[in-house]
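Spelled out from the first residue to the last, the chains are:
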Amino acid sequence: MFSFSIVTQWIDELLRQYLCSGAVLLVECLLVGILLLGAYAVFALILIYMERRVCAFMQCRLGPNRVGPFGIFQTVADMIKILLKELVHIDRADHLLFRLAAFFVLVASVGTFGALPFAKGLQAVDFNVGVFYLLAISSLGVVGILLAGWSSNSKYTIIGAMRSGAQLISYELSCGLSLLAIVVLSGTMQLSEIVELQADSWFIFQGHVPAVIAFFCYLIAGHAETNRGPFDLPEAESELTAGYHTEYSGIQFGFFYLAEYMNMFIVAAIAATMFLGGWMPLHIPGWEAFNHAMDYIPSAVWFLGKTFMCVFFALWVRWSFPRLRIDQLLKFEWKILMPICLINILLMAVCVAL
Amino acid sequence: MFRYIKEIVWGIYRLLQGMYISMLNMLRPKVTEKYPENRKTKVHFERFRGLLTMPHNAQNEHKCTACALCMMSCPNGTIRVVSKKVTDEATGKEKKVLDRYLYDIGSCTFCDLCTTACPQDAIAWTPFFEHTVYTRSKLVKQLNREGSTLEVKTKTE
């Protein structure tokens, strides 16, 4: 199977021929940063297009189909539009925090995006506490949302932000607990090792019933953390116009929009990495020819395929169910999802011990 | 405890039902019409009111007797029937004949009052709907053709 570490090592050696080690590090960091930000923007555009198409198809429409073949350049046109729009000056808003909030949300999702293993040998940073890092940095976004709500000086934004805070803090628990079940199974928090351990069969198959339960719990909790779908009451448009980003315009709104879609991608990518084997091809023990054939499909295709499958699941859920009330939302988390996750960890521990 | 588990299972069942229905919708053929591409094959439903026309037969004859009932029934003054007096050479009598039938689509609300008022069935709707022009004066259309005459009714008794 092709490993991207060949490419990265080649670039590293090439740079070392001409530059000193400090400059090499600087150039490599810049390269990784530019690549990640580029990939971030491209994935966001793909996701927005996908969302609009899937939503349209579920409502018996066609969706964007005018700009380019099948409308694939619609989101590019939208991006140019949003870049050219005016940034509306908000009177009596806390301007420093107002500007900062959009970056907080964006930085949180870029930080998570950077630590994902995209393909074999294609991972920017490989922490030994990878899972912990992902959970920690992805929940930094709630700070940005609370700041946005507070600094906008508007009742809609503050209600939206408070709801979002309550929601994210509660669903973070289920999210962490369901990932913990996989950490119990794998015995490591390093993402590269987690992927390597799934070489024989993915964790969702290795972990029997508890892994399946954890997978669905993670999908639900992660979906709630992205403030989407039936859990989108921080931006419930019928009551709060647009929730915490009501007062934002132009590219600042674009940042929130981008971060929302990328959070969806990140949740799907974490689910794919932790449960569906990341970039690891589908291997069935004993079927040597089948395993060998599967190895010919590039690892990046495996990763993106699994991720977009999870993204499709999220879209499917979003366009199927009506929005919850805040008490229903919190009841669902504290009375149903979290107990299930806790029992599930116990089950997983029993499974691992046996 | 039993009720709690029952509630969860029942809830999952209902959620799956909803997801099944949205998946059915996704796989269903779409109702959206791709307009400029399908304008050749576009089929309108029978009663679609696009443009008021005056049907002419092969001899360039219409049925309008210039009675102006349509002009009087029109709430917007969209229709103007201009008639002229022509003396019949055989009998020497003066007769009212349609000169110009002017229809201003710019003020038409497609209410169908004119065609219901017409006793001769001289005017009818066609499904043509691409009315966009660059000047307002082009919206006023003359419905009777040049040199057209009244269709002579043959008595069938």
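Residues numbered from 1 in each chain as written. Chains lettered and ligands numbered in written order. Predicted model: local features only at pLDDT ≥ 70, side-chain atom pairs only at ≥ 80, totals over all residues.

## Re the overall build of chain B
For chain B, the count of helices and strands is three helices and seven strands. Rg of the C-alpha trace for chain B: 27 Å, well past the compact-globule value of 15 Å for 157 residues, more than 25% over. Residues classed as buried in chain B amount to 11% of the 157 residues present. (Helix = DSSP H or I, 4+ residues; strand = E, 2+ residues; numbered from the N terminus. Rg over C-alpha atoms; globule rule 2.2 N^0.38 Å. Buried ≥ 20, exposed ≤ 12 C-beta atoms within 10 Å, placed from the backbone.)

## Side note on helix 15 (residues 326–353) of chain A
Residue and element names in this part refer to chain A. End to end, helix 15 covers 39 Å across 28 residues, agreeing with the expected 40 Å (1.5 Å per residue, within 8%). Most pronounced at Glu 333, the bend in helix 15 amounts to some 35 degrees. Taken together, the buried positions of helix 15 are Leu 329, Phe 332, Glu 333, Leu 337, Cys 341, Asn 344 and Met 348. Contacts from the buried residues of helix 15 go to helix 7 (155–186) and helix 10 (208–225). (Expected span 1.5 Å × (residues − 1). Bend = angle between axes of the 7 residues up to and from the residue. Contact = placed C-beta atoms within 7 Å.)

## Description of the domain arrangement of chain B
Note on interface size: it is often stated as the accessible area lost on association of the parts. In terms of domain boundaries, chain B breaks down into domain 1 (1–31) and domain 2 (51–148). A straight line from the C-alpha centre of domain 1 of chain B to that of domain 2 of chain B covers 59 Å. (Domains from an automatic or database assignment.)

## Some details on the packing of helix 10 of chain A against helix 15 of chain A
Residues and elements named next belong to chain A. As a packed pair, helix 10 and helix 15 sit with axes 9 Å apart at the nearest point and diverge in direction by 150 degrees. For the element pair helix 10 / helix 15, the angle class is roughly antiparallel. Viewed along their axes, helix 10 and helix 15 form a crossing whose handedness is left-handed. Every residue of helix 15 that contacts helix 10 at His 208, Pro 210, Ile 213, Ala 214, Cys 217, Ile 220 and Ala 221 is listed here: Leu 337, Ile 340, Cys 341, Asn 344, Leu 347, Met 348 and Cys 351. The class makeup of the residues in the contact of helix 10 with helix 15 is twelve nonpolar, two polar and no charged. (Axes fitted to C-alpha atoms, helices over the stretch in contact; angles between N-to-C directions. Parallel < 35°, antiparallel > 145°, perpendicular 65-115°, else oblique. Left-handed = near helix turned anticlockwise from the far one by under 90°. Nonpolar A, V, L, I, M, F, W, Y, C, P; charged D, E, K, R; others polar.)

## Details of the nonpolar core
The biggest cluster of nonpolar side chains holds 86 residues, and the ones touching the most others in it are Val105(A), Phe265(A), Ala268(A) and Ala271(A). For this core, the element with the highest residue contribution is helix 12 (residues 250–274) of chain A, accounting for 16 residues. Among the nonpolar cores identified, the runner-up in size contains 14 residues, and Cys74(B), Tyr101(B), Tyr103(B) and Ala122(B) belong to it. (Core = buried A, V, L, I, M, F, W, Y, C linked by C-beta atoms within 7 Å.)

## Some details on the sheet that holds strand 3 (residues 79–87) of chain B
All names here are of chain B. Strand order in the open sheet made by the three strands is 3-4-6, with antiparallel pairing throughout. The open sheet is flanked by strand 3 and strand 6 (140–142), the only strands paired with a single partner. On average, each strand axis in the sheet is inclined to that of its neighbour by 30 degrees, with strand direction left out of account. Pairing geometry for strand 4 (residues 94–104) and strand 6, over three bridges, is antiparallel. Following the sheet pairing, Asp 104 is matched in strand 6 by Val 140. (Pairing = 2+ DSSP bridges.)

## Focus on the environment of Tyr35(B)
You can see Tyr35(B) is positioned in the loop between helix 1 (2–27) and strand 1 (51–53). Of the residues examined, Tyr35(B) has 9 C-beta atoms within 10 Å and is grouped as exposed.

## Comments concerning the confidence of the model for chain B
All names here are of chain B. Within chain B, residue pLDDT values average 85, and 97% of them lie at 70 or more. Element-level mean pLDDT values for chain B span from 78 in strand 7 (residues 149–150) up to 90 in helix 3 (residues 113–117). Reported for the predicted complex are a pTM of 0.80 and an ipTM of 0.74. (pLDDT = per-residue confidence, 0-100.)

## Considerations on unusual backbone geometry
All names here are of chain A. One non-glycine residue with positive phi stands out, namely Cys 60, at about 60 degrees. Relative to the elements of secondary structure, Cys 60 occurs in the loop between helix 2 (21–58) and helix 3 (74–84). One non-glycine residue, Asn 227, lies in the positive phi region at around 60 degrees. Here Asn 227 shows up in the loop between helix 10 and helix 11 (237–240).

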